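Structural features, examined
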Amino acid sequence: DFSFLAVMLMVALIIGALSVIWTSVTGFEFKVAGIAGSSLEGTGGRSGGTLGSPNVAGTFFAVLIPVAISILATSLSQRVKATAACALLLGTLALILSFSRGGWLSFAVAIAFLLLVSGRHIRRLRRYALGATFVVAVNAPVSRPDCIGE
């Protein structure tokens, strides 16, 4: 069933995002059932959460955030859309906190592709896609200016 698959993808996005947010904000490392998460530079540093590298995490979010945006434009149930909205918000924040320039660029390309192929759903997608893109574009460079020059 497509609804089940959509919810599971969004749950994966939420869990990955929460691990990046947690390790980035607190700087704490954790290890639970063989799954480890850490921030590379302590509090406020680049975090890959349970995905390891911040670049891997950034790419993970760049791939799944457009899926969340697409789910919001479908006729799936409100429960599935609420899960996608939560995943979109947390995933966007985690993408910013990964400080992955490759993730940000992948996200921009994925959003451009999504808008290109959306066809008749472009009006529904445009507000979510442009909103998420705006949040990443404005906050990413400002949140940590030293990573721009690296």
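Above this text is the structure in question.
So, here is what we can say about the structure in this document. The structure presented is a predicted model; accordingly, all values stated were derived computationally and were not measured. (Residues numbered from 1 in each chain as written. Predicted model: local features only at pLDDT ≥ 70, side-chain atom pairs only at ≥ 80, totals over all residues. Heavy atoms only, no water.)

Re the overall build of the protein chain
What counts here: Secondary structure is summarised from DSSP: a helix means a run of H or I of at least four residues, a strand means a run of E of at least two, and numbering begins at the N terminus for each. Burial here depends on accessible area, computed with a 1.4 Å probe over protein chains only, as a share of the maximum for the residue type. Under 20% is buried, over 50% is exposed, and the range in between is partly exposed. Any two residues whose heavy atoms approach within 4.5 Å are treated as being in contact. Here the open area of atoms and residues is found with the Shrake-Rupley method and a 1.4 Å probe, where only the protein chains shown may cover a residue.
If you tally the helices and strands in the protein chain, you get 5 helices and 3 strands. When the elements of the protein chain are put in sequence order from the N terminus, they spell out α-β-β-β-α-α-α-α. Residue burial in the protein chain is summarised as follows: out of 150 residues, 43% are buried. Considering only contacts within the protein chain whose residues lie at least 6 apart along the sequence, 63% involve residues at least 24 apart. For the protein chain, the accessible area works out to roughly 7900 Å², and carbon and sulfur atoms hold 69% of it.

With respect to helix H2 (residues 54–72)
Rules: One fewer than the residue count of a helix, multiplied by 1.5 Å, yields its expected span.
Over its 19 residues, H2 runs 27 Å from end to end, which matches the ideal 27 Å to within 8%, given 1.5 Å per residue. Among all positions of H2, only Pro54, Ala57, Gly58, Phe61, Ala62, Leu64, Ile65, Pro66, Ala68, Ile69, Ile71 and Leu72 are buried.

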